Amino acid sequence: DAKTTQPTSMDCAEGRAANLPCNHSTISGNEYVYWYRQIHSQGPQYIIHGLKNNETNEMASLIITEDRKSSTLILPHATLRDTAVYYCIVRPPRGGSQGNLIFGKGTKLSVKP
Amino acid sequence: SQTIHQWPATLVQPVGSPLSLECTVEGTSNPNLYWYRQAAGRGLQLLFYSVGIGQISSEVPQNLSASRPQDRQFILSSKKLLLSDSGFYLCAWRLAGSSDTQYFGPGTRLTVL
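Residues numbered from 1 in each chain as written. Chains lettered and ligands numbered in written order. Predicted model: local features only at pLDDT ≥ 70, side-chain atom pairs only at ≥ 80, totals over all residues. Heavy atoms only, no water.

Describing the packing of aromatic side chains
The relation between two aromatic rings is expressed through the spacing of the ring centres and the mutual angle of the planes. For the structure shown, the criterion picks out 13 aromatic pairs over all chains. Connected via pairs of aromatic rings, a cluster forms that spans Tyr36, Tyr46, Tyr87 and Phe103 of chain A together with Tyr34, Tyr36, Tyr49, Trp93, Tyr103 and Phe104 of chain B. (Phe/Tyr/Trp six-rings, centres within 6.5 Å; stacked < 30°, edge-to-face > 60°.)

A look at the pattern of salt bridges
All names here are of chain B. Overall, the coordinates contain three salt bridges over all chains when judged by the stated rule. Here Arg68 and Asp71 are joined by a salt bridge, their closest N and O atoms 3.3 Å apart. Arg68 gets classed as buried once you look at its relative accessible area, which sits at 2%. (Salt bridge = Lys/Arg side-chain N within 4 Å of Asp/Glu carboxyl O. Buried < 20%, exposed > 50% of the residue type's maximum accessible area, 1.4 Å probe, protein only.)

Describing unusual backbone geometry
A cis geometry characterises the amide bond from Trp7 of chain B onward to Pro8 of chain B, with omega recorded as 0 degrees. With respect to the helices, strands and loops of the structure, Pro8 of chain B is situated in the loop between strand S1 (3-7) and strand S2 (10-13). (Helix = DSSP H or I, 4+ residues; strand = E, 2+ residues; numbered from the N terminus.)

Concerning the pairing of strand S11 (residues 108-112) of chain B
Residues and elements named next belong to chain B. Every second residue of S11 is oriented toward a common face, the buried set being Thr108, Leu110 and Val112 and the non-buried set Arg109 and Thr111. Bridge count between S2 and S11: four bridges; the pairing is parallel. Its bridge partner lying in S11, Leu11 is registered against Leu110. Examined bridge by bridge, strand S9 (residues 87-95) and S11 share three bridges and lie antiparallel to one another. Counted as the bridge partner of Phe88 is Arg109 from S11. (Pairing = 2+ DSSP bridges.)

So, the environment of Ile48 of chain A
Residue and element names in this part refer to chain A. By the element assignment, Ile48 lies in strand S4 (residues 45-50). Separated by twelve residues in the primary sequence, Ile48 and Ala60 place their C-alpha atoms 7.2 Å from one another. Residues in contact with Ile48, not counting those within four places in the same chain, are Val33, Tyr34, Trp35, Glu55, Thr56, Asn57, Ala60, Ser61, Leu62 and Leu73. (Contact = heavy atoms within 4.5 Å.)

A look at the state of the cysteines
Tallying each qualifying case throughout the model produces two disulfides over all chains. With a sulfur-sulfur separation of 2.1 Å, Cys22 of chain A is cross-linked through a disulfide to Cys88 of chain A. Because the torsion about its S-S bond is -80 degrees, the bridge between Cys22 of chain A and Cys88 of chain A counts as left-handed. Of the two residues, Cys22 of chain A is situated in strand S2 (residues 18-23) and Cys88 of chain A in strand S8 (residues 84-91); the sequence distance between them amounts to 66 residues. For Cys22 of chain A, a relative accessible area of 2% corresponds to the buried category. One disulfide bridge connects Cys23 of chain B with Cys91 of chain B, the sulfur atoms lying 2.0 Å from each other. Looking down the S-S bond of the Cys23 of chain B and Cys91 of chain B bridge, the torsion is -75 degrees, so its handedness is left-handed. Here the residue Cys23 of chain B occupies a position in strand S3 (residues 19-26), and Cys91 of chain B occupies one in strand S9, the gap between them amounting to 68 residues. Of the residues examined, Cys23 of chain B reaches a relative accessible area of 0% and is grouped as buried. Cys12 of chain A takes part in no disulfide bond, and the closest cysteine sulfur, belonging to Cys22 of chain A, lies 18 Å away. The exposure class of Cys12 of chain A is buried, given its relative accessible area of 9%. (Disulfide = S-S within 2.5 Å.)

A closer look at the sheet that holds S8 of chain A
Residue and element names in this part refer to chain A. The sheet built from five strands is open, its strands ordered S1-S9-S8-S3-S4 with mixed pairing. Strands at the two margins of the open sheet, each flanked by one partner only, are strand S1 (9-13) and S4. On average, each strand axis in the sheet is tilted by 25 degrees relative to the strand beside it, whichever way the strands run. Where strand S3 (residues 32-38) lies against S8, seven bridges are found, and the strand directions are antiparallel. Paired with Trp35 across the two strands is Cys88, which belongs to S8. (Axes fitted to C-alpha atoms, helices over the stretch in contact; angles between N-to-C directions.)

This is the structure in structure tokens:
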């Protein structure tokens, strides 16, 4: 699976958009970009995933660059409850180990009032 | 809708004692099931995964074992706990044959003293 690089931490003001970057310069053509988050002392929560087109759901938007070497997760109106560690994961469809995910260190997002 | 349960939520055990953590999934059939561990301040490590009853694959050799006695039940066990077994244990499920999206349970925090 391709390696991802994320900033260790970020701050965001409550009500503002949170933009979380992820670099995946070695991504292959069939690898998807997944985003999860983990609120303190809880299990990871799926947010969104995409291949090449931008995606949006009720939680967030995912913007993938045209060369697919980086992406940005956007939380349009961050709330205090969005404070969590955000993980960017790249993997091929139904790849090895029957779909297991490899979580890195992620970005700790702190939303401040 | 699908739900995933884990128990107990927290556990404090002495070194050398046995362990049994349980995970059950509701609302789906023949899921892929996963056990992960998260040590303090570190990322998630895949321990075991299962694609069906009685089918267990181990990702990391250690003193833990897993079993799947029923379609939607996944058990993590140890005969003798070590201090290094302390951590946050997470169970996850994925719909077999679909995307790689995994859904995590609330976790069990294990402290070995």
